[in-house]
Amino acid sequence: MKDGFLTLTTRIGDFLSVTQDGYAIFSADDILIGCNQAYADLMFIDFDQIIGKSFNQQCRIAFKNQQGPKIETSDIEQWLEIAKTKRRAQEFRIFEVDLIDGRWFLMSEHVLPSGELLLQAKNITKQKVVEQTLSENTHQLTNLALTDELTQVANRRSFIASVKSEINRYKRNKQIFTFCLLDIDYFKKINDQHGHQVGDNVLRQLCSLIKKTLREYDLFGRIGGEEFGLLLPDTQVTKADDMINRLRHKIMTNTFNNHHNPVKITLSIGMVESWLNCTFELLYNQSDIALYKAKDNGRNQVVILNSLGATNRSS
């Protein structure tokens, strides 16, 4: 029986010496009374020096040397006070810790009736790398699904979804917004005279200019071709008229493509203010009517259409 116990103890010792997982035992007053090499390595303290050091001492060393666990604080003593409220607060707890060198460990602490604390630090770096890769891929796929590939603004589907959310917010809070349709005048001529590559350059540069001009919370997206949608939250049409005409003028005076083959463009814009019981379809239809009136009236202008169908030309 004794030989069997010694054999088991030897095997456990062999396992602890080769595993990447850290194991440690702290006394009731939080002094390290035993650990394996893997635990000493993750704390970046020599094995023959770490025994006898308290949890607080180990953390101060890690913070001072900027090695081992990533301790994001400017005040290590305050951080230790917060850690004290969590440590031994329950019989068993589990949490993740990332190291300054990029490794990740899943920590589990088990408090014994005697007050001693058993700690296991399982290396989960590979799992975290996979998790991060999956998260990044999901984010990229989401962006692809919501973003127009050419112009890098919201595509038709995501823009419509955003507008519908704004409509719901308006119905709850009665906060007026203005909806616009923007269309590049004679865009087909640009493609015919300069080629589709130049046309694509114009679309990209136009969207970049508009995004820089808009407020952070304005909604902007490509409906299709050379037609774009714009929603200005918490903005009455009288204020929107001034904003949109400044944008129209900026685009009219800007030069697109490049200095070897410069292209000038103008926009025709249809605009409508939100009203009770409006829907995306109604907003789009009213703005589309205003847009075509702007085209019929000579282009390069803004036409406002109210919910009753009355128009106002602004240029």
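As the structure is a prediction and not an experimental result, all values here were calculated from the model.

The rules behind these values
Residues numbered from 1 in each chain as written. Predicted model: local features only at pLDDT ≥ 70, side-chain atom pairs only at ≥ 80, totals over all residues. Heavy atoms only, no water. Pairing = 2+ DSSP bridges. Helix = DSSP H or I, 4+ residues; strand = E, 2+ residues; numbered from the N terminus. Axes fitted to C-alpha atoms, helices over the stretch in contact; angles between N-to-C directions. Buried < 20%, exposed > 50% of the residue type's maximum accessible area, 1.4 Å probe, protein only. Contact = heavy atoms within 4.5 Å. Polar contact = N/O pair within 3.5 Å; in protein donor to acceptor, adjacent residues only side chain to side chain. pLDDT = per-residue confidence, 0-100. Expected span 1.5 Å × (residues − 1). Left-handed = near helix turned anticlockwise from the far one by under 90°. Nonpolar A, V, L, I, M, F, W, Y, C, P; charged D, E, K, R; others polar. Salt bridge = Lys/Arg side-chain N within 4 Å of Asp/Glu carboxyl O.

This paragraph deals with the sheet that holds strand β5 (residues 117-123). If you trace the 5 strands from one edge of the open sheet to the other, you get β2-β1-β5-β4-β3, paired in antiparallel fashion. Unpaired on one side and paired on the other, β2 (32-35) and β3 (92-98) mark the two borders of the sheet. On average, each strand axis in the sheet is tilted by 20° relative to the strand beside it, whichever way the strands run. In terms of strand pairing, strand β1 (residues 22-26) meets β5 through 5 bridges, oriented antiparallel. Each residue of the ladder has a partner; that of Gly22, found in β5, is Ala121.

With respect to the helices and strands, the residue Asp185 is situated in the loop between β6 (178-184) and α8 (187-194). When its relative accessible area of 5% is taken as the criterion, Asp185 is described as buried. Separated by 83 residues in sequence, Asp185 and Ser268 place their C-alpha atoms 6.4 Å apart. Residues within four places of Asp185 in sequence aside, it is in contact with Thr266, Leu267, Ser268, Lys295, Arg299 and Asn300. At 2.6 Å, the side chain of Asp185 and the side chain of Thr266 are in polar contact. In terms of polar contacts, Asp185 uses its side chain to reach the side chain of Lys295, at 3.0 Å.

Right, let's get into the environment of Lys64. Examined against the element boundaries, Lys64 turns out to sit in helix α4 (residues 55-65). Along the chain, Lys64 and Ile76 lie 12 residues apart, while their C-alpha atoms are 9.1 Å from each other.

Attention now goes to the side chain of Ser274. The residue Ser274 is located in the loop between β11 (267-273) and α11 (280-296) in this model. In contact with Ser274, not counting residues within four places along its chain, are Tyr170, Ile176, Phe177 and Leu283.

With that settled, the discussion passes to the pairing of β1. Two faces, one strand: in a regular strand the side chains alternate between the faces of the sheet. Of the two faces of β1, only the one carrying Gly22, Ala24 and Phe26 is buried; Tyr23 and Ile25 on the other face are not. In this sheet, β2 lies alongside β1 in antiparallel orientation, the contact comprising 3 bridges. When the sheet's bridge partners are listed, Ala24 is paired in β2 with Cys35. What sits between the antiparallel neighbours β1 and β2 is a turn of 5 residues, in which Asp30 has the positive phi angle 70°.

Of the residues in the chain, 89% have a pLDDT of 70 or more, and the chain-wide mean is 90. Throughout residues 4-9 the model reports pLDDT below 50, and contacts reaching past four residues in sequence, or to other chains, amount to 0 contacts.

When the terminal C-alpha atoms of α11 are compared, their 24 Å separation across 17 residues agrees well with the 24 Å that a helix rising 1.5 Å per residue should span. Along α11, the positions that sit buried rather than exposed are Phe280, Leu283, Tyr284, Gln286, Ser287, Ala290, Leu291, Ala294 and Lys295. Turning to α11, the residues buried within the fold contact α7 (156-173), β6, β7 (219-224), β8 (227-232), β11 and β12 (302-305). Immediately downstream of α11, the backbone of Gly298 shows phi near 120°, a positive value.

This brings us to the packing of helix α9 (residues 196-213) against helix α10 (residues 237-253). Two elements in contact, α9 and α10, have axes whose closest approach is 11 Å; the angle formed by their N-to-C orientations is 145°. The two elements α9 and α10 meet at a crossing, and its hand is right-handed. On α10, the residues touching Leu206, Leu209, Ile210 and Thr213 of α9 are Leu247, Lys250 and Ile251. Tallied by class, residues from the contact of α9 with α10 come to 5 nonpolar, 1 polar and 1 charged.

Another point: the pattern of salt bridges. The final tally for this structure, using the stated rule, is 19 salt bridges. For Asp234, the salt bridge identified is with Arg169, shortest N-O distance 3.3 Å. Within this pair, whereas Asp234 is found in the loop between β8 and α10, its partner Arg169 is found in helix α7, the two being separated by 65 residues in sequence. Of the residues examined, Asp234 reaches a relative accessible area of 42% and is grouped as partly exposed. Relative accessible area serves as the criterion here: at 23%, Arg169 is assigned to the partly exposed category. Each of Asp30, Arg87, Arg88, Arg93 and Glu109 takes part in one network of salt bridges that share partners.

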